[in-house]
Amino acid sequence: MEEKIFYITKKKLQELQEEHEGLLEFERKRSLSQEAPKILESEDLNPEFVSFQEDVGFLRSRIDELKNILDHHELIKNPAKNERSVVGLGAKVKIAVDGQNDEFLLVGTLEANPAMGKISNESPVGRALLGHKVGDEVFINSPMGITYKIKNIKYEIS
Amino acid sequence: MDKIIKFFSEIGKLKRMPRRGWVIREIKNPETIAEHTFRAAIVAWMLAAHKNYKLDFGKIIKIALIHDLCEVYAGDTTPYDSILPKDKKSIRELVKTWPRFSPEKRQKIAAEKFKKENAALEKLIKDLSPKLKKEIMALWLDYEKGSSPEGKFFKHADRIENFLQASEYWRDNKKIPLKPYWIQAEELHDDPVLLEFIEQIDKEFHKDKKPKN
């Protein structure tokens, strides 16, 4: 498995820890031929999914994957006050692009969900916005040359 | 066995259902949902295999095969549906831009789509064996939420297939607006192999002429 740093919020870390512990317990009970627990109810973890994982033997690989993330994670935190004028991980950025306004939250790949405005720091747009300030125009090198103008930056990581 | 035949007949409808995104762009003889599924499965499998990703390819292909089954009853949807004007001229203008919504509206659209598709899939698979039902539902949820590496990879490969198809339509008809696809691609993808593929699409399709919009 590649050694990569996973940037995650505290909330995501808790979810992953719960999933990891739940699956370890599930695996332990299964090995003792006991009935599987039905306690896995975090938002991202569907019992049907876990049950299916067990059926087809992916349980162990998911446990290993979660351990790898937990061993190689870095928490996304609000930066120091004097650094909050710059786009970094955890920043909520208001932008203008192609005649429209939008708002992105810059997150790590595990929490990215562009349909919900959560942009990965490893995506071309996420990467390009990092380090910029309000007023900057960030050019994305694509065939159409799309420009994102930064209108506001906020940090609200709890 | 009669119930499984009925199921196969129902999903066969996807072979004749055109993808709505191409319909609103007035593409003649647009691809069907089943045609998209076919290539999305191969794209996902081969791009993952190309870089020796440690993913379960069987699972990726199963996710690909079932990811749009719900559309038999839920129909295909596009990101433009909630703001789609009635007249063709206004639609032509609208699809030149990538639609953007407030955080509240995004949540609402996503929740409504999930509810509708979930109900449609449950209806479609209701007479299958409990084991198959459970497997199909689990694979679909995995795709929807991107909960496993395979689900997440396929979710992105699915968009890549759509992006490739848009580029192919543009090659034949330069009036097809490509900008929304590029905007979406640059905001959505962060997987190295898919980003490399996007660069390759640019080289392959825009050697002689760059898209203007």
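Definitions and cut-offs
Residues numbered from 1 in each chain as written. Chains lettered and ligands numbered in written order. Predicted model: local features only at pLDDT ≥ 70, side-chain atom pairs only at ≥ 80, totals over all residues. Core = buried A, V, L, I, M, F, W, Y, C linked by C-beta atoms within 7 Å. Buried ≥ 20, exposed ≤ 12 C-beta atoms within 10 Å, placed from the backbone. Contact = placed C-beta atoms within 7 Å. Helix = DSSP H or I, 4+ residues; strand = E, 2+ residues; numbered from the N terminus. Nonpolar A, V, L, I, M, F, W, Y, C, P; charged D, E, K, R; others polar. Domains from an automatic or database assignment. Axes fitted to C-alpha atoms, helices over the stretch in contact; angles between N-to-C directions. Parallel < 35°, antiparallel > 145°, perpendicular 65-115°, else oblique. Left-handed = near helix turned anticlockwise from the far one by under 90°. Pairing = 2+ DSSP bridges. pLDDT = per-residue confidence, 0-100.

K.L.:
Where do I start with the nonpolar core in this structure?
P.N.:
Generally speaking, nonpolar side chains in soluble globular proteins are found buried as a group. In terms of nonpolar packing, the biggest core is built from 61 residues, with Val93(A), Leu106(A), Ala44(B), Ile60(B), Phe154(B) and Ala157(B) touching the most fellow members. Excluding residues within four positions of it along the chain, Leu106(A) makes contact with Val87(A), Leu89(A), Gly90(A), Ala91(A), Val93(A), Ile119(A), Asn121(A), Gly126(A) and Leu129(A).

K.L.:
Would you mind going over the environment of Leu141(B) with me for this structure?
P.N.:
You can see Leu141(B) is positioned in helix H8 (residues 130-145). Considered as a pair, Leu141(B) and Asn52(B) are 89 residues apart in the sequence and their alpha carbons are 25 Å apart.

K.L.:
Hey, could you run me through the interface of chain A and chain B in this one?
P.N.:
One frequent convention defines the size of an interface as the accessible area lost when the parts assemble. Facing 31 residues of chain A, the contacting portion of chain B comprises 29 residues. Elements that contribute at least two residues to the side of chain A that touches chain B include exactly helix H2 (47-56), helix H3 (59-71), strand S4 (100-107), strand S5 (118-120) and helix H4 (124-129) of chain A. Within the side of chain A that touches chain B, the residues separate by chemical class into 14 nonpolar, 9 polar and 8 charged.

K.L.:
Looking at this structure, how should I read the domain arrangement of chain A?
P.N.:
Residue and element names in this part refer to chain A. One can read the domain layout of chain A as domain 1 (6-75) and domain 2 (81-155). Of the residues lining the interface, 5 residues belong to domain 1; the matching set on domain 2 comes to 5 residues. For the side of domain 1 that touches domain 2, the element with the highest residue contribution is strand S1 (residues 6-8), accounting for 3 residues. Residue classes in the side of domain 1 that touches domain 2 are distributed as 3 nonpolar, 1 polar and 1 charged.

K.L.:
Just checking my understanding: could you explain the packing of helix H7 (residues 103-125) of chain B against H8(B) for this structure?
P.N.:
Geometry of a packed helix pair, given as the angle between the helix axes and the separation of the axes. All names here are of chain B. The interhelical angle for the contact between H7 and H8, taken along N-to-C directions, is 160°, at an axis separation of 10 Å. The pairing of H7 with H8 is recorded here as roughly antiparallel in orientation. Crossing angle aside, the handedness with which H7 passes H8 is right-handed. Across the interface between the two elements, Phe114, Leu121 and Ile125 of H7 pack against Lys133, Ile136, Met137, Trp140 and Glu144 of H8. The class makeup of the residues in the contact of H7 with H8 is 6 nonpolar, no polar and 2 charged.

K.L.:
How should I be thinking about the sheet that holds strand S3 (residues 91-97) of chain A in this particular structure?
P.N.:
Each strand in a sheet pairs with its neighbour through backbone hydrogen bonds, running either in the same direction (parallel) or in the opposite one (antiparallel). All names here are of chain A. Overall, mixed pairing links the 5 strands, which are arranged S5-S4-S3-S7-S6 in an open sheet. In the strand order of this sheet, the two ends are held by S5 and strand S6 (137-140), each with one partner. The average undirected angle you get between the axes of adjacent strands in this sheet is 40°. Two strands pair when backbone bridges link them, and S4 and S5 are joined in this way by 3 bridges, in the parallel orientation. Along S5, the bridge assignment pairs leucine 105 with lysine 118.

K.L.:
Help me out: how do you make sense of the confidence of the model for chain B in this one?
P.N.:
When pLDDT is low, close inspection of the predicted coordinates is not appropriate. Residue and element names in this part refer to chain B. Averaged over chain B, the pLDDT score is 94; the fraction of residues at 70 or greater is 100%. At the low end of the mean pLDDT range in chain B sits helix H1 (residues 2-12), at 93; at the high end sits helix H5 (residues 71-74), at 98. Of the two predicted TM-score estimates for the complex, the pTM is 0.89 and the ipTM is 0.91.

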